Amino acid sequence: MKLELKRSVCPYDCPDMCGLLVEVVDGQAVRVTGDPEHPYTKGTLCPKMAHYERTVHSPQRLTHPLLRIGEKGGGQFKAITWEEGIQRLADRWKGIIADYGAEAILPYSYAGTMGLVQRNCGEGFFHRLGASRLARTICSSAKGYGWATVMGETLAPHPDEVKNSDFIILWGTNALATNIHLLHNVQEAKKRGAIVWLVDTYENPTAKIVDKVVLVRPGSDGALALGIMHILVREGWIDRSFIDQHVQGFEQFQRTVLPAYPPDKVSQITGIDVNLLEEMALQYGKALAPFISLGSGLCRYGNGAMTVRAITCLPALVGAWGKSGGGLLASISTNKAFNTGRVTREDFIQKPTRIVNMNQLGYALTELSKPPIMSLYVYHSNPVVVAPDQNMIIKGLRREDLFTVVHERFLTDTARYADLILPATSSLEHPDIYRSYGHYGIQRAAAVIPPVGEAKSNWEVFQLLAQAMGFEESFFRQTTDEVINQLIVPPTPWLRSVDLAKLQEGRPVELALPENYKTTFLTPSAKIELYNPNEAEPLPRYFEPYGDDAPFYLMSTPSVYSLNSSFNERPDLLRKKEVAYLQMNSKDAENKKLENGQSVIAFNERGEVTFILKLTKKVPQGVVVTEGLFWNENMPGDRAVNALTSQRLTDRAAGSTLYDVKVDVRLT
Ligand SMILES: Nc1nc2c(c(=O)[nH]1)N[C@H]1C(S)=C(S)[C@@H](COP(=O)(O)OP(=O)(O)OC[C@H]3O[C@@H](n4cnc5c(=O)[nH]c(N)nc54)[C@H](O)[C@@H]3O)O[C@H]1N2
Ligand SMILES: Nc1nc2c(c(=O)[nH]1)N[C@H]1C(S)=C(S)[C@@H](COP(=O)(O)OP(=O)(O)OC[C@H]3O[C@@H](n4cnc5c(=O)[nH]c(N)nc54)[C@H](O)[C@@H]3O)O[C@H]1N2
Ligand code: SF4
Ligand SMILES: [Mo]
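Residues numbered from 1 in each chain as written. Chains lettered and ligands numbered in written order. Predicted model: local features only at pLDDT ≥ 70, side-chain atom pairs only at ≥ 80, totals over all residues. Heavy atoms only, no water.

**Q** How do you make sense of the site of ligand 2 when you look at a structure like this?
**A** Taken together, 34 residues lie around ligand 2, and Thr178, Asp200, Asp221, Ser296 and Ser562 are the ones closest in. Gly172 is positioned such that a nitrogen or oxygen atom in its backbone is 3.3 Å from an oxygen atom of ligand 2. If you list the elements that add at least two residues to the shell around ligand 2, you get helix H5 (175-178), strand E9 (195-200) and strand E22 (552-557). Its residues placed into classes, the shell around ligand 2 shows 15 nonpolar, 14 polar and 5 charged. (Near = heavy atom within 4 Å. Polar contact = N/O pair within 3.5 Å; in protein donor to acceptor, adjacent residues only side chain to side chain. Helix = DSSP H or I, 4+ residues; strand = E, 2+ residues; numbered from the N terminus. Nonpolar A, V, L, I, M, F, W, Y, C, P; charged D, E, K, R; others polar.)

Structure, rendered in structure tokens:
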């Protein structure tokens, strides 16, 4: 028995992108720990990944291609060979293309793996095929848009900046679950005397480590930000010289926008007491280096992009960008460090095909015509559980004439509706290269164990499909390592800042940031654009989210023990999630004559979902909360939370509005 210690990277859709050390014995991963050499994550992992080997070698892993033998969704399949699976797929697609054209085929993928090759390589294939394209906007496109409206392509602050801040606002983020290493920095700042506030719609689990919680009405943070700026200007707690030098449109903003947001009006919109508004403005305005860590929850509303835009204006007014420890971190983009186009191959698009929004899969499968979607190919995503309007998606997947293929590690709710399932490798079984959206680290990882069963990686499957479809391009004949090399050789200017030999060896390295990057504003005007002439609304303002005709706003937020729909394959983590609770304020429950522990149904015009009621003071009246996405089979009823959410899109960037949803609640 020989024990080998190998390096890898956490592949999940999490800003931390931790470095991993994997102990391998006889081709099996037996233990996974954090890599102490990682410059940012420094050897610590979250509870989900502490036993990644249990996911990788789970008895539930799919190990063979499977063909449906029962009714759609019934979960009955028989094992077939890869050869037969690929042949059936290619034959079916050739028929569909002949009858309807290639746009009748829709790829559906998101972020089951964040590796740059495995995540993106399907695009090269589907562009060549001429399939419909997918707008991949489920997560935070509106947040990116709102930030960019003010800051353009300005580089986001390094997360270590937080350590030097004296006033930190965790704004709409449950960092204890979703961003634990940022929280380490917050703790360090606290030790140095920093004050930490949380702005959220309920006292989420992170509330217990902060100094003060501000509870805001769902979707009203834009008004809150404008109200704080109103007070900052009224009191003169602004940095005039920074504004004069670096900000575009302050005078107009001050004259035409801010007067509309006095504290009493903002208090009415947000539900926040006027005194607390004044205190928040005072803390922010008087801080030496205030830092905002901005979550994505608040961008998933009908006004999400505008909300983010308004909040992004705050640090400009107080000159926070000019101070060590000051600023705002929404998300980090290091896309430009890689030759990404060499994987996504936009040049393969012969004529632009239609774009289907991933948040509207239900409509796409049931209502889209000319041509209708006749085949859906899902890879590293689980739309039945993660995408809005579960009932409509299931209705579409039940169509007898729809040919659904799912490439997966597990028999997810989406895979259950497949006609053909292809088994996927886990990140330990395939090579890739990773970048993070929460820090500036990058890392290449080799496969550390052989594939489990007959599993194949995304890239290997697209190679087989390209061959079966008769694609001649040499692109499809490259090994995964060759594709990875295309991304980094020759190195982009940014990549030249790292030790490339170290990168190639699979060690974690960090992209260097240019000096003074925090005050180098990469916008058309080279200033922070409070006034953006390219927008239909050149100045920020507040408008209302969608809501629904129902009494309770529904928050469906991440759990510490799962990541989107991933990790539900793990009995140890499922036990920790207990059951799908619906948290409700005790007074609301009293008014509805509901009691703790009862089985209740949350419902609206789109669906009904059964939960176990949990009464709490942490959730304000008018809001209900459920933490963690569950597979349908682990719900008390037969549907999960996204049977309640809507396919409506955000104000800009066509994002999801997963939190902009209201429900009523009754006993089952
Ligand atoms: N109500 C509600 N819904 C939400 C959210 C919410 O907060 N509330 N969050 C939303 C957000 S932010 C996001 S980003 C989306 C995420 O949605 P998804 O990106 O779909 O994420 P997961 O649910 O983790 O599903 C990923 C699947 O990929 C599979 N997989 C992993 N690695 C590989 C691989 O290498 N190849 C293949 N073929 N498969 C692989 C996994 O087994 C898993 O089933 O969910 C959204 N849905
Ligand atoms: N353990 C774990 N980690 C994860 C994930 C997971 O599912 N589990 N998901 C991963 C993914 S895909 C993503 S995108 C990130 C997300 O991570 P973040 O963007 O940091 O956001 P979350 O931690 O999801 O927290 C969202 C918070 O927003 C709050 N919120 C909702 N609406 C509003 C509002 O109108 N105003 C305010 N102020 N707050 C509001 C919710 O109550 C919740 O506390 O996390 C990633 N990491
Ligand atoms: S899920 Fe996030 S915190 Fe957990 S190991 Fe992966 S990157 Fe680190
Ligand atoms: Mo996400």
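**Q** Is there a simple way to think about the packing of helix H7 (residues 221-235) against helix H11 (residues 274-286) in this case?
**A** Two measures define how a pair of helices packs: the angle their axes make with one another and the distance between the axes. For the pair H7 and H11, the least separation of the axes is 9 Å and the interaxial angle reads 65 degrees. What the angle tells us is that H7 and H11 run roughly perpendicular. Both H7 and H11 take part in a crossing whose hand is right-handed. Residue-level inspection shows Leu224, Ile228, Ile231, Leu232 and Arg234 of H7 in contact with H11, the latter providing Leu277, Glu278, Met280, Ala281, Tyr284 and Gly285. Of the residues that constitute the contact of H7 with H11, the class distribution is 8 nonpolar, 1 polar and 2 charged. (Axes fitted to C-alpha atoms, helices over the stretch in contact; angles between N-to-C directions. Parallel < 35°, antiparallel > 145°, perpendicular 65-115°, else oblique. Left-handed = near helix turned anticlockwise from the far one by under 90°. Contact = heavy atoms within 4.5 Å.)

**Q** Quick question: what am I supposed to make of unusual backbone geometry here?
**A** Outside of glycine, negative phi angles account for most residues, and trans bonds account for most peptide bonds. Omega for the peptide link from Lys370 to Pro371 comes to -10 degrees, which places this bond in the cis form. Of note, the amide linkage connecting Val489 to Pro490 takes the cis form, showing an omega dihedral of -5 degrees. Phi angles above zero are rare outside glycine, and Ala526 is one such case at about 60 degrees. On the secondary structure map, Ala526 appears in the loop between strand E20 (509-510) and strand E21 (528-529). Even without glycine at this site, Phe567 takes up a positive phi of about 80 degrees. Mapping Phe567 onto the fold places it in the loop between E22 and helix H21 (571-577).

**Q** Looking at this structure, how should I read the sheet that holds strand E25 (residues 607-616)?
**A** Strand pairing in a sheet relies on backbone hydrogen bonds, with the paired strands running either antiparallel or parallel. What the 6 strands build is a closed barrel, ordered E22-E26-E23-E25-E24-E27; its pairing is mixed. Sheet twist, expressed as the average angle between the axes of neighbouring strands with direction ignored, equals 45 degrees. (Pairing = 2+ DSSP bridges.)

**Q** So what exactly am I meant to see when it comes to the nonpolar core here?
**A** Trp93, Phe125, Phe126 and Tyr377 are the most contacted members of the largest nonpolar core, which totals 71 residues. There are two domains that each give this core at least three residues, and those are domain 2 (66-139 + 336-510) and domain 3 (141-330). Those residues in contact with Phe125 that sit more than four places away from it in its chain are Trp93, Phe462, Leu465, Ala466, Met469, Phe471 and Phe476. If you look at the next biggest cluster of nonpolar residues, it comprises 67 residues, including Ile138, Cys139, Leu365 and Leu613. (Core = buried A, V, L, I, M, F, W, Y, C linked by side-chain atoms within 4.5 Å. Buried < 20%, exposed > 50% of the residue type's maximum accessible area, 1.4 Å probe, protein only. Domains from an automatic or database assignment.)

**Q** What is the right way to look at the domain arrangement of the chain in this model?
**A** You'll often see interface size given as the accessible area lost when the parts meet. Each assigned domain of the chain is listed with its residue range as follows: domain 1 (3-56), domain 2 (66-139 + 336-510), domain 3 (141-330) and domain 4 (552-667). The straight-line distance from the C-alpha centre of domain 2 to that of domain 4 is 29 Å. Of the roughly 1900 Å² buried between domain 2 and domain 4, counting both surfaces, carbon and sulfur atoms make up 45%. Area buried by domain 2 at its contact with domain 4 is led by Val385, Gln390 and Asn391, which between them contribute 26% of it. Joining domain 2 to domain 4, the criterion identifies 1 salt bridge. Contributions of two or more residues to the side of domain 2 that touches domain 4 are made by helix H14 (361-366), helix H15 (383-386), helix H16 (390-397) and helix H17 (413-416). (Buried area = accessible area lost by both parts, 1.4 Å probe. Salt bridge = Lys/Arg side-chain N within 4 Å of Asp/Glu carboxyl O.)

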